[in-house]
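# What the coordinates show
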Amino acid sequence: LLAAQQRIARLANFDDLTGLPNRSHFTQLVDVALAGSRRNRHCAAVLAIDLARMSTIGDTLGPDVAEELLRQVSQRFQMVLREADVLAKVGRDQFAVALLHMEQREHAGFVAKKLLTALEAPFHIKAQTVHVDLSVGISVFPDDGPDVASLLRFAEAAVKRIKAEEES
């Protein structure tokens, strides 16, 4: 019974594919951290990350390749983030990062560049070479919102604007 309860709790809070926190758990974790940032007058940021062409990759190379790609993307992201940062898989091909206890707002832009750089090298999955692009939207606490839900909405809106500009 305990094992079943633990499995249910894990499924409720974490993405089964990557093991990362899901949107709900990300919101809980970051809201707690933002309370500390508010008290200590620290900056924080939320980055919304959208991977391009994931449905095309799944359709042409198969769902196994697309799933492995998502796992490897999450591993590359984890390698460039600090231990204090929170990485989550918040959608089918979307990730979010919370940068906590930032000294300067500009740090968010530096981290976004690191995430972009982390995906420059191709992925090699099941004898396939796969390239993936991403769009990153950034929102900064407290300027862009008082809580993680509003920060995530703001960052996701920025991603949509970026993608719309790229398509036009």
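Bringing the overall build of the protein chain into the picture now. Check the secondary structure of the protein chain and you find six helices and six strands. Along the protein chain, helices and strands appear, N-terminal first, in the series α-α-β-α-α-β-β-α-β-β-β-α. Since a compact globule built from 168 residues should have a radius of gyration of about 15 Å, the 16 Å found for the protein chain is in line with a globular shape. Projected onto its principal axes, the C-alpha coordinates of the protein chain cover approximately 55 × 50 × 25 Å. For the protein chain, contacts bridging at least 24 residues in sequence account for 65% of all contacts bridging at least 6.

Note on placement: Ser74 falls in helix α4 (residues 63–80). Among the polar contacts listed, one links the side chain of Ser74 to the backbone oxygen of Arg71, at a separation of 2.7 Å.

Geometry of an aromatic ring pair is reported as the spacing of the ring centres plus the angle between the planes. Here the structure, examined in full by the defined rule, presents one aromatic pair. Relative to Phe95, the ring of Phe77 lies with its centre 5.4 Å away and its plane at 90 degrees, an arrangement referred to as edge-to-face. With a gap of 18 residues between them, Phe77 in helix α4 and Phe95 in strand β3 (residues 94–102) connect regions that are remote in the sequence. In this structure, Phe77 and Phe95 share a single accessibility class: buried. One residue, Arg76, lies across the ring of Phe123, its end atom 3.6 Å from the ring centre.

Right, let's get into the pairing of β3. Along a regular strand, successive side chains alternate from one face of the sheet to the other. Here β3 lies mainly inside the structure; seven of its nine residues are buried. Across seven bridges, strand β1 (residues 43–51) lies against β3 in antiparallel orientation. Residue Ala48 lies in a different strand from β3, and its bridge partner there is Ala96. Alignment of strand β2 (residues 86–89) against β3, held across four bridges, turns out to be antiparallel. Residue pairing across strands places Lys89 opposite Phe95, the latter belonging to β3.

With that out of the way, let us pick up the environment of Phe77. Taking the relative accessible area as the measure of exposure, Phe77 reaches 0% and is therefore buried. Placed 41 residues apart in sequence, Phe77 and Ala118 show a C-alpha to C-alpha distance of 6.8 Å. Excluding its chain neighbours within four sequence positions, the residues that come into contact with Phe77 are Ile49, Leu87, Phe95, Leu115, Leu119 and Leu134.

Conventions used here
Residues numbered from 1 in each chain as written. Predicted model: local features only at pLDDT ≥ 70, side-chain atom pairs only at ≥ 80, totals over all residues. Heavy atoms only, no water. Helix = DSSP H or I, 4+ residues; strand = E, 2+ residues; numbered from the N terminus. Rg over C-alpha atoms; globule rule 2.2 N^0.38 Å. Contact = heavy atoms within 4.5 Å. Polar contact = N/O pair within 3.5 Å; in protein donor to acceptor, adjacent residues only side chain to side chain. Phe/Tyr/Trp six-rings, centres within 6.5 Å; stacked < 30°, edge-to-face > 60°. Buried < 20%, exposed > 50% of the residue type's maximum accessible area, 1.4 Å probe, protein only. Lys NZ or Arg CZ within 6 Å of the ring centre and 35° of its normal. Pairing = 2+ DSSP bridges.

Interpretation note: all reported values are geometric properties and have no functional meaning in isolation.
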